[in-house]
Amino acid sequence: IRSSSALGRIDRASSIEERKREALTLLENLLLGVDRISPVEYKVLFEIEAATILWESDRQRAVSILKAAIGELRRILGEKKESTEINSKRKSREQMVWFLAIRKIAALQPGLVRDLLSEGDAPDKPKEAIKGVWTEEARAMLSVASELIDKDPRLAAQMAEQTLD
């Protein structure tokens with residue numbers, strides 16, 4: 001009886017591992033075609049979701065995907081700033097995508113937001129905390145901090161302080 005229950009646990013564990021491998025393979029295949037996703041805002045959101053899935057198994061690849069996604073989002077927002085004809089509905093949608101992106105990244109690792117946002121800065125410029133201005137970045141960080149209050153009050157306080165520096 002013991003050997004059959006032990007074998008059952010091994011079968012379940014190998015089945016779970018097999019499903020994880022299949023899921024990662026599927027994700028990799030989807031990432032290969034990410035450039036075909038339109039509009040670009042959806043592409044960025046997909047990349048960020050994919051990075052959060054990869055976070056535990058391949059952190060380096062996840063950070064690389066996040067850097068590319070933030071870079072793409074910055075490029076889009078920069079183009080929109082140059083354009084004088086931006087309707088408020090589209091601008092609101094783009095701000096929401098920015099907020100969601102920053103919030104997801106902050107939930108993964110709070111310090112990563114600062115690192116990714118200062119990525120485009122000059123290399124000799126010191127990395128600064130997000131300023132106390134009510135930006136999408138600050139809103140996202142505070143949103144994650146408020147969710148952490150019950151689970152980890154110290155981390156929540158650190159995130160809030162970092163946001164308001």
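This section reports on the structure supplied with the text. (Residues numbered from 1 in each chain as written. Predicted model: local features only at pLDDT ≥ 70, side-chain atom pairs only at ≥ 80, totals over all residues. Heavy atoms only, no water.)

Here we take up the environment of Trp98. Tracing the sequence through the fold places Trp98 in helix α4 (residues 88–108). With a relative accessible area of 8%, Trp98 lands in the buried category. Taking the C-alpha atoms as reference points, Trp98 and Leu77, separated by 21 residues in sequence, lie 9.0 Å from one another. (Helix = DSSP H or I, 4+ residues; strand = E, 2+ residues; numbered from the N terminus. Buried < 20%, exposed > 50% of the residue type's maximum accessible area, 1.4 Å probe, protein only.)

Right, let's talk about the packing of helix α2 (residues 40–54) against α4 for a bit. Between α2 and α4, whose axes approach to 10 Å, the crossing angle comes to 10 degrees. For the element pair α2 / α4, the angle class is roughly parallel. Residue-level inspection shows Glu41, Leu45, Ile48, Glu49 and Thr52 of α2 in contact with α4, the latter providing Arg90, Arg93, Glu94, Val97, Leu100, Ala101, Lys104 and Leu108. Of the residues that constitute the contact of α2 with α4, the class distribution is 6 nonpolar, 1 polar and 6 charged. (Axes fitted to C-alpha atoms, helices over the stretch in contact; angles between N-to-C directions. Parallel < 35°, antiparallel > 145°, perpendicular 65-115°, else oblique. Contact = heavy atoms within 4.5 Å. Nonpolar A, V, L, I, M, F, W, Y, C, P; charged D, E, K, R; others polar.)

Here we come to the nonpolar core. Leu66, Ile70, Ile102, Ile105, Val113 and Met159 are the most contacted members of the largest nonpolar core, which has 32 residues in total. The set of elements that each furnish at least two residues to this core consists of α1 (2–32), α2, α3 (59–82), α4, α5 (110–117), α6 (136–148) and α7 (153–164). Looking at this core element by element, the count peaks at 7 residues for α4. (Core = buried A, V, L, I, M, F, W, Y, C linked by side-chain atoms within 4.5 Å.)

What follows concerns the pattern of salt bridges. For the structure on display, the rule yields 8 salt bridges. The salt bridge partner of Glu49 is Lys104, with a shortest N-O separation of 3.2 Å. Taken together, the positions of Glu49 in helix α2 and Lys104 in helix α4 put the pair 55 residues apart, joining distant regions of the chain. For Glu49, a relative accessible area of 36% translates into the label partly exposed. (Salt bridge = Lys/Arg side-chain N within 4 Å of Asp/Glu carboxyl O.)

As a further point, take α2. With 15 residues, α2 should reach 21 Å at 1.5 Å per residue; the first-to-last C-alpha distance of 21 Å fits that figure. Buried residues of α2: Glu41, Lys43, Val44, Glu47, Ile48, Ala50, Ala51, Thr52 and Leu54, and no others. (Expected span 1.5 Å × (residues − 1).)

Before going further, it helps to spend a moment on the environment of Ala23. Counting through the fold element by element, Ala23 comes out in helix α1. C-alpha of Ala23 to C-alpha of Ile53: the two residues are 30 residues apart in sequence and 9.9 Å apart in space.

Okay, the side chain of Glu72 next. Mapped onto the secondary structure, Glu72 falls in helix α3. Setting aside residues no more than four positions away along its own chain, Glu72 makes contact with Val40, Lys43 and Val44.

Now for the environment of Ala101. Position of Ala101 among the secondary structure elements: in helix α4. Separated by 31 residues in the primary sequence, Ala101 and Ile70 have C-alpha atoms spaced 7.9 Å apart. Look past the residues within four positions of Ala101 in its chain and what remains in contact with it is Ile48, Ile70 and Leu73.

Moving on to the packing of α4 against α5. Between α4 and α5, the shortest axis-to-axis distance is 5 Å and the interhelical angle comes to 130 degrees. Overall, the two elements α4 and α5 adopt an arrangement that is oblique. Seen from α4, the contacting residues are Trp98, Ile102, Ile105, Ala106 and Leu108; seen from α5, they are Pro110, Leu112, Val113, Leu116 and Leu117. Its residues assigned to classes, the contact of α4 with α5 shows 10 nonpolar, no polar and no charged.

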